[in-house]
Amino acid sequence: MFLFHRLDHTIKKMKSQTANMITIGNLSFGGASIMTTLNESYSYSVLFIFIAALLDRFDGMVARKLGQESELGKQLDSMSDIISFGVAPAILIYMVDLYEFGTAGMVLTIIYIACGAFRLARFNIMESDGYFTGLPITAAGTLLTLSYFGLSVFAPVFYMFLLPILAILMISTFTLKKV
């Protein structure tokens, strides 16, 4: 009897943390992306950001499905998102292209990250009404990461415009219906 009680308790604990573990996976792949960028393994960095996006897509769904939505999960998700879709893509594009622009490239990279953080903070204090206000950081980070594939097509100055455009879209007040 004790064994079954213990097993039931363990399963309930695991169930209650499933979504948070998926979110930690998102954060882990975002961190791995940053490290691979610093080691100039840019293809792996891109792959890790896309895996983080996949995990980010499912953590909320799992939390809702299991009835485990929480304020902790919401905050953890935002902290993971700033790493995976703010810092990781910005550092990737900085390292492959924007470093050529010196201080201006650095400033635009920091502005993108700061706007992503602002957007996430605003999201965390707003009531959920079925709409996003501004471009979600996941979408901005994914678009920025996808732009990596255009390095041979676009002039380096393209990225000097892309980062501030994405930054402005993240902090803007237009609304998008959640899907």
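Whatever comes next refers back to the structure up there.
Chemist: Before we move on, could you go through the side chain of Thr37 and cite the residues and values that matter?
Modeler: Along the chain, Thr37 turns up in helix α1 (residues 2–38). Owing to a relative accessible area of 0%, Thr37 belongs among the buried residues under this scheme. The contact partners of Thr37, leaving out residues within four places of it in the chain, are Tyr42, Ser45, Ile91, Leu92 and Met95.

Chemist: A description of the packing of aromatic side chains should follow, citing residues and the corresponding values.
Modeler: Aromatic rings in a pair are described by how distant their centres are and how their planes are angled relative to each other. Counted by the stated rule, this structure contains six aromatic pairs. Relative to Phe158, the ring of Phe154 lies with its centre 4.1 Å away and its plane at 15 degrees, an arrangement referred to as stacked. Phe154 sits in the partly exposed class, given a relative accessible area of 36%. When its relative accessible area of 28% is taken as the criterion, Phe158 is described as partly exposed. Three or more aromatic residues joined by ring pairs make a cluster, and in this case those are Phe29, Tyr44 and Phe48. Above the plane of the ring of Phe123 lies Lys74, whose end atom (NZ or CZ) is 5.6 Å from the centre. The lysine or arginine in question, Lys177, covers the ring of Tyr131, its NZ or CZ lying 5.3 Å from the ring centre.

Chemist: Could you give an account of the layout of surface pockets, naming the residues involved and the relevant values?
Modeler: The space that makes up the largest pocket amounts to roughly 1,200 Å³. Around the largest pocket sit 40 residues that line it, and Arg64, Asp77, Phe123, Phe132 and Lys178 are the ones nearest its centre. Elements represented by at least two residues in the lining of the largest pocket include exactly α1, α2 (42–65), α3 (71–96), α4 (103–125), β1 (131–133), α5 (137–146) and β2 (175–177). Among the elements that take part in the lining of the largest pocket, α2 stands out by supplying eight residues, more than any other. Grouping the constituent residues of the lining of the largest pocket by class yields 15 nonpolar, eleven polar and 14 charged.

Chemist: Talk me through the environment of Met170; I want residue IDs and the actual numbers.
Modeler: Topologically, Met170 is positioned in helix α6 (residues 157–171). Residue Met170 is classed as buried on the basis of its relative accessible area, which comes to 0%. Distance in space between the C-alpha atoms of Met170 and Leu144 is 12 Å, their sequence separation being 26 residues. Residue contacts for Met170: discarding those within four places in its chain leaves Tyr112, Cys115, Gly116, Arg119, Arg122, Thr133, Gly134, Leu135, Ile137 and Ala140.

Chemist: So what's going on with a nonpolar patch on the surface? Residues and values would help.
Modeler: A contiguous nonpolar patch, built from Val157, Phe161, Ile165, Leu169, Phe174 and Leu176 and spanning about 500 Å² of accessible area, is present on the exposed surface. Within the element layout of this structure, Leu176 appears in strand β2.

Conventions used here
Throughout, a residue's number is its position along its own chain's written sequence, starting from 1. Only residues with pLDDT of at least 70 get local features here, since the model is predicted, and only at 80 or more are side-chain atom pairs given and counted; chain-wide, interface and lining totals rely on the full set of residues. Excluded from the side-chain calculations are hydrogens and water; all other atoms, namely the structure's heavy atoms, are used. Strands are runs of DSSP state E lasting at least 2 residues, helices are runs of H or I lasting at least 4, and numbering of each runs from the N terminus. Three labels apply to residues, based on accessible area from a 1.4 Å probe with only protein chains included: buried if under 20% of the type maximum, exposed if over 50%, partly exposed otherwise in between. Contacts between residues were defined by any pair of non-hydrogen atoms, one from each residue, lying within 4.5 Å. Note on aromatic pairs: the rings of Phe, Tyr and Trp (six-membered ring only in Trp) are paired at centre separations within 6.5 Å, and the planes decide the class, stacked below 30 degrees, edge-to-face beyond 60, tilted for the rest. Definition used: whenever NZ (Lys) or CZ (Arg) falls within 6 Å of the ring centre and also within 35 degrees of the ring normal, the charge is taken to sit over that ring. Points on a 1 Å grid over protein atoms alone make up a cavity when a 1.4 Å probe fits among them but cannot get out, and a pocket when they form an open set with protein on both sides within 12 Å along at least five of seven lines; lining residues each have an atom within 4 Å of a point. Grid points are joined across faces, edges and corners, and a volume is the space filled by probe spheres set on the points. Under the grouping applied here, Gly and all other residues not named as nonpolar or charged are polar, the nonpolar ones being Ala, Val, Leu, Ile, Met, Phe, Trp, Tyr, Cys and Pro and the charged ones Asp, Glu, Lys and Arg. Patches in this entry comprise residues that are over 30% relatively accessible and not in a salt bridge; like charges within 9 Å are linked, as are nonpolar side chains (Val, Leu, Ile, Met, Phe, Trp, Tyr) within 5 Å. A 1.4 Å probe and the Shrake-Rupley method give the accessible areas. Residues count as covered only by the protein chains that appear here. What makes a salt bridge here is a side-chain nitrogen of Lys or Arg within 4 Å of a carboxyl oxygen of Asp or Glu, nothing more.

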